[in-house]
Amino acid sequence: MPWKGEKNAYRIWLSEIILQQTRVEQGLAYYNRFIEAFPDIDALAAAPEEKVFKLWEGLGYYSRCKNLIATARYISFELNGSFPDSYENIAALKGIGPYTAAAIASFAFGLPHAVVDGNVLRVISRYFGISTPVQTSQGRKLFNLLAESLLDKKNPAAYNQSLMDFGATICKPRQPLCQTCIQQEDCEAFKQNFVNDLPVKGKKIEKKKRWLYYLLLKSGDHVFLRKRKGGDIWENLFEFYLHECPAPLQEEEINKVIIETAKSLGQKYLFISDISEPFLQQLTHQTISAQFISVTMANPYLPVEGFERVSEEEINRYAFPKIITRFLACPHKERLS
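Residues numbered from 1 in each chain as written. Predicted model: local features only at pLDDT ≥ 70, side-chain atom pairs only at ≥ 80, totals over all residues. Heavy atoms only, no water.

1. Structural notes on the nonpolar core
Put simply, the rule reads: We call a set of buried residues a nonpolar core when its members are Ala, Val, Leu, Ile, Met, Phe, Trp, Tyr or Cys and they connect through side-chain atoms within 4.5 Å of each other. Relative accessibility decides the category of a residue: with a 1.4 Å probe and only protein chains considered, values under 20% of the type maximum give buried, values over 50% give exposed, and everything between is partly exposed. Note on contacts: a residue pair is in contact if any heavy atoms of the two residues lie within 4.5 Å.
Counting residues in hydrophobic clusters, the biggest one holds 82 residues, and the most contacted among them are W13 and F240. In this structure W13 touches I41, L44, L68, T71, A72, F83, I96 and I104, once residues within four positions along its chain are discounted. With 19 residues, the next largest nonpolar core counts C245, A262, I293 and V295 among its residues.

2. Quick notes on helix α7 (residues 98-109)
Cut-off, in case you're wondering: A helix here means a DSSP run of H or I that spans at least four residues, while a strand means a run of E at least two residues long, and both kinds are numbered starting from the N terminus. In this scheme, a helix's expected span is set at 1.5 Å multiplied by one less than its residue total.
In this model α7 runs 16 Å from its N-terminal to its C-terminal C-alpha over 12 residues, within 8% of the 16 Å that 1.5 Å per residue would give. Within α7, nine of the 12 residues are buried, which leaves it mostly tucked inside the rest of the structure. Buried residues of α7: T100, A101, A102, A103, I104, A105, S106, F107 and A108, and no others. On its buried face, α7 sits against α1 (9-19), α6 (87-91) and α10 (156-169). With its phi angle positive at about 65 degrees, G110 sits one or two positions after the end of α7.

3. Side note on the pattern of salt bridges
Applicable threshold: Any carboxyl oxygen of Asp or Glu within 4 Å of a side-chain nitrogen of Lys or Arg constitutes a salt bridge here.
Scanning the entire structure with this criterion turns up 13 salt bridges. Between K54 and E57 there is a salt bridge, with its nearest N and O atoms 3.0 Å apart. For K54, a relative accessible area of 28% corresponds to the partly exposed category. Notably, a salt bridge pairs R226 with E239, separated by 2.9 Å at the nearest N-O pair. Separated by 13 residues along the polypeptide, R226 in strand β2 (residues 222-227) and E239 in strand β3 (residues 238-239) bring together distant segments of the chain.

Quick look at the structure:
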């Protein structure tokens, strides 16, 4: 990976933010595109917000992108482009937690801070035979203290990277290479035959289900879009007129929604031309089901604040949540015409 062995704090920070909640295989392409578009933190800070969000499109967890922009602008404008070089000042930046701060401090500045990612947690819990759930406050405190005590403080970057790579390639989540592992004789989980039981992750969080019904309000060859606000998922991305329901709707109920929407918008009618099949998207704590309803408006104006009238030719310039991007990529282009 291009960020391995990297000493540039900006590039390390960028890679860590992209790889939060993202597989390396997917994040690599985004990292390369960001470096090409914004080779340094000043270039990122000076970029229009819409351009950055468009480049982030499809990566998910858009609060990361919002924090990325805010932090880049703070460092560029307030710190004259100089990345903070202490753990405390790095950790104080927006969108940076203990793990990311430790990674930047260790890899960029050679500071003695343990980088405790999922691979490191797995190695430590198996090696010492620790059954304390890693996702609890007690577990986080225990593993962080232990990781700090094990750290090679003279060469923290090499030690941290080695332990992370060991977990990724040898002490793997499934089918670990125990039979050829050089730590086999000292590994408590191996000696007691409970490697596959560790680490203990604790109780799973129940996932919320949401049903979104997007109305493509069409006026000629234009459709209305708005930017999402309010701290919910996909903040600062664009969407169509939304009607969210606590449960899935039947066809008759969808018709009622259209009638009620027409009244609320001062329209004589909203003529349904198409209803898509449900599109599904799985987020960490939410399952999203979205259907897209194409409707023709009697009145070409929308008396709702925050909406833009956008032509079909312009629509690809906007950054959308992945679930809307998938809909727009489907072959039924007549839905927008």
